[in-house]
Amino acid sequence: YPDRKVKLFDANIKIVAVWAWLIEATTTDVLSLPVLEVGQSVRDFKTLIDAERWLIGFCINPASTTPKITASKRSAWPRYRERIAQFVPQVKHWVVELKSWIDVPNELATWHIDPPYQVAGKYYYGHSDICFDLLGCWSKSRTGQVMVCENQGADWLPFRPLVEQQGMSKRQVEVIWENNGK
């Protein structure tokens, strides 16, 4: 959304650092990031800063909140790098903050809420701290259009199926709850 005011909030310092780097990065910065061969580590590239290592690590370990260090197989990172390079000029006006969902003020907005999943996300950083009943109430209280993503099996909001997709090891059904604005 290059024409919209976008605020990103996350409690994971690595995700916030990556977004902050992307907001400041140029297309050239992104295209200058190395492509790892199988067996190479992000630590092999001494000039990379943490946010760059984490970006590459997330891309070689997709759908995880833990960035990988070593490329264990051919990854989609070269394709991601190209797409990210095209994307970065459009996010210069975005802001990102290290903040838990519970501390995000309510304001008129379009809310896309994508927490660690209740069941499938049990190994995510910070997952054990989430009270899903409270998150459900918080989500319902947001002003404006609200979309909450989850995985099939979650019971903290009345979710409906959205899409079936291939996950890391099996097919998964992504579900959504939405209010379409107040």
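Residues numbered from 1 in each chain as written. Predicted model: local features only at pLDDT ≥ 70, side-chain atom pairs only at ≥ 80, totals over all residues. Heavy atoms only, no water.

Draft legend 1. Focus on the side chain of Ser-139. Relative to the elements of secondary structure, Ser-139 occurs in helix α5 (residues 132-141). On the basis of relative accessibility, which here comes to 0%, the residue Ser-139 falls in the buried class. Ser-139 has contacts with Ile-113, Val-146, Val-148, Trp-156, Leu-157 and Trp-177, leaving out every residue within four places of it along the chain. (Helix = DSSP H or I, 4+ residues; strand = E, 2+ residues; numbered from the N terminus. Buried < 20%, exposed > 50% of the residue type's maximum accessible area, 1.4 Å probe, protein only. Contact = heavy atoms within 4.5 Å.)

Draft legend 2. Structural context of the environment of Pro-78. Considering the arrangement of structural elements, one finds Pro-78 in helix α4 (residues 77-87). The sequence separation of Pro-78 and Ile-60 amounts to 18 residues, and the corresponding C-alpha distance is 9.7 Å.

Draft legend 3. Region of the structure containing the packing of helix α1 (residues 13-24) against helix α3 (residues 50-59). Orientation of α1 relative to α3, taken along the N-to-C sense of each, is 105°, at an axis distance of 9 Å. When the axes of α1 and α3 are compared, the pair comes out roughly perpendicular. Here Lys-14, Ile-15, Ala-17, Val-18, Trp-21 and Leu-22 of α1 come into contact with α3, specifically with Ala-51, Glu-52, Trp-54, Leu-55 and Phe-58. (Axes fitted to C-alpha atoms, helices over the stretch in contact; angles between N-to-C directions. Parallel < 35°, antiparallel > 145°, perpendicular 65-115°, else oblique.)

Draft legend 4. The packing of α3 against α4, seen in detail. Running from amino to carboxyl end, α3 crosses α4 at an angle of 125°, the nearest separation of the two axes being 9 Å. The angle between α3 and α4 falls in the class oblique. As for how α3 packs across α4, the hand of that crossing is right-handed. Of the residues in α4, those touching α3 at Leu-55, Ile-56 and Cys-59 are Trp-77, Tyr-80 and Ile-84. Of the residues that constitute the contact of α3 with α4, the class distribution is six nonpolar, no polar and no charged. (Left-handed = near helix turned anticlockwise from the far one by under 90°. Nonpolar A, V, L, I, M, F, W, Y, C, P; charged D, E, K, R; others polar.)

Draft legend 5. Representation of the side chain of Asn-12 in the model. For Asn-12, the location among the structural elements is in the loop between β1 (7-10) and α1. When its relative accessible area of 7% is taken as the criterion, Asn-12 is described as buried.

Draft legend 6. The arrangement of the environment of Glu-178 in detail. By secondary structure assignment, the location of Glu-178 is in strand β6 (residues 171-178). Judged by its relative accessible area of 27%, Glu-178 falls in the partly exposed class. If sequence neighbours within four positions are ignored, Glu-178 has contacts with Val-146, Met-147 and Arg-160. At a separation of 2.4 Å, a polar atom in the side chain of Glu-178 contacts the side chain of Arg-160. (Polar contact = N/O pair within 3.5 Å; in protein donor to acceptor, adjacent residues only side chain to side chain.)

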